[in-house]
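Residues per chain are reported as follows:
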Amino acid sequence: EDFAARVNGDRAAGPGTTLDIKEIVIGRCWDYQRVIGMKEGKPLSEVDCNGTAWPAFVNAFAYKSPCSTPEDAFSNFIKIMTVSLPVNGTLFWSGTKNLALMYSELSGGTMFSLELTFFGYTVNGLTWCGKHTGGIHGINYDSCPSFGDQSCQSPVSTVFWGSASMSFARQARGSISVLLDGSDPRGAFRNNSFFATMELPNLDTAMVDLVNIIVVHDLDGHIVDTCDNGTILILKDRIIQRGLQWKCKDDPKLAKLIQCTENPDNEKCNLTS
Ligand code: N1C
């Protein structure tokens, strides 16, 4: 065992908590309320970022072992940070985070991924975990459990994203969309993904009627699953079992345009042909 962090009994092997996390979380929380989330001059929410949001967040993990996180650790924080979202506007994704974020940003305010909601925006891209033996304010800035560490039973990040995804899915109304990676060798729809375990089963079927499946393939043309085969068929079955309808589209133009902005020289991105 060469993981430095095992020394203190905190099982951890990935990067530590993002430095200055308190300032980042509080700053983004005000930014969302005062700038990003402003609609017609009215803030969508009124939360005291310093006095309410930050304590709800940090108390969920500070001075605690990062591998024995209770399922409901973040429920207070998530409740405080919940704002209402537009009907037909929920965008889920699995294996396509960067593409999905650009897709929702470019949709002109019609598609919202979790990262564009109040709580998702506030913590997106950050790393955090506690240290039960003290650390600085009970936070571990040296290392946090790495994703997939089998010896870590209930990792703080898994508990957080699990409950965030569940709450996000429960809020969805109307038609929803999901962006999947049809070139992923593990399959586009994976049984153990947050999308499969936390989102699809938690859609309120009285309020949601249609699932738009969007399957995207990489520009090099590796095809594992498409709308008509592979794990997408399993997904369609699950959707029908839940009493919902589905639509499916392979490689819509907007997805290709986004891929091409990142790889303009790829032969599939020839603008003159
Ligand atoms: O397991 P996944 O995908 O299916 O999870 C994605 C799914 C999305 O629809 C989101 O709403 O669940 C939500 N979600 C996040 O928003 C999120 N941001 C960052 C789930 N996980 C999220 N992360 C991290 O990415 C998290 O640490 C987790 O381990 C990965 C999940 O990615 P995935 O397997 O591509």
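Everything here concerns the structure above.
Residues numbered from 1 in each chain as written. Predicted model: local features only at pLDDT ≥ 70, side-chain atom pairs only at ≥ 80, totals over all residues. Heavy atoms only, no water.

S.K.: I tried to follow the nonpolar core on my own but got confused; where do I start?
M.R.: Considering soluble globular proteins, one finds that nonpolar side chains tend to be buried as a cluster. Ranked by internal contacts, the top residues of the largest apolar core, which has 57 residues, are F57, F74, W128, L203 and I213. When near neighbours in sequence (up to four residues on either side) are disregarded, L203 contacts F92, A169, A172, I176, V208, R242 and L244. In terms of nonpolar packing, the next biggest core, distinct from the first, is built from 10 residues, L91, Y103, L179 and I258 among them. (Core = buried A, V, L, I, M, F, W, Y, C linked by side-chain atoms within 4.5 Å. Buried < 20%, exposed > 50% of the residue type's maximum accessible area, 1.4 Å probe, protein only. Contact = heavy atoms within 4.5 Å.)

S.K.: How should I be thinking about helix 1 (residues 21-36) in this particular structure?
M.R.: Quick reminder: α-helices carry 3.6 residues per turn. Residues three or four places apart thus point the same way. An ideal rise of 1.5 Å per residue puts 22 Å on 16 residues; helix 1 reaches only 20 Å between its terminal C-alpha atoms. Taken as a whole, helix 1 has its buried residues at I21, V25, I26, C29, Y32 and Q33. Where helix 1 is buried, its residues contact helix 2 (49-58) and helix 5 (118-123). (Helix = DSSP H or I, 4+ residues; strand = E, 2+ residues; numbered from the N terminus. Expected span 1.5 Å × (residues − 1).)

S.K.: Please explain the packing of helix 4 (residues 97-106) against helix 9 (residues 253-262) as it appears in this structure.
M.R.: Pairs of packed helices are described in terms of their axes, by the angle between the two and the distance that separates them. At a minimum axis distance of 10 Å, the contact between helix 4 and helix 9 shows a crossing angle of 115 degrees. As helix 4 packs across helix 9, the resulting crossing turns out to be right-handed. Listed contacts from helix 9 to L99, M102, Y103 and L106 of helix 4 are L254, A255, I258, Q259, T261 and E262. Considered class by class, the residues forming the contact of helix 4 with helix 9 number 7 nonpolar, 2 polar and 1 charged. (Axes fitted to C-alpha atoms, helices over the stretch in contact; angles between N-to-C directions. Left-handed = near helix turned anticlockwise from the far one by under 90°. Nonpolar A, V, L, I, M, F, W, Y, C, P; charged D, E, K, R; others polar.)

S.K.: What should I look at first to understand the environment of T272 in this one?
M.R.: Looking at the element boundaries, T272 is found in the segment after helix 9. The spacing of T272 and E105 is 167 residues in sequence and 26 Å in space, taken between C-alpha atoms.

S.K.: Honestly, the pattern of salt bridges in this entry has me stumped. Any pointers?
M.R.: Any two side chains of opposite charge can pair if their charged atoms end up close together. Counted by the stated rule, this structure contains 2 salt bridges. Between R34 and E46 there is a salt bridge; the shortest N-O distance is 3.6 Å. Taken as a pair, R34 in helix 1 and E46 in the loop between helix 1 and helix 2 lie far apart in primary sequence, 12 residues in all. Residue class for R34 comes out partly exposed when judged on its relative accessible area of 44%. Taking the relative accessible area as the measure of exposure, E46 reaches 56% and is therefore exposed. With a closest N to O distance of 2.8 Å, D184 and R186 form a salt bridge. Judged by its relative accessible area of 9%, D184 is buried. (Salt bridge = Lys/Arg side-chain N within 4 Å of Asp/Glu carboxyl O.)

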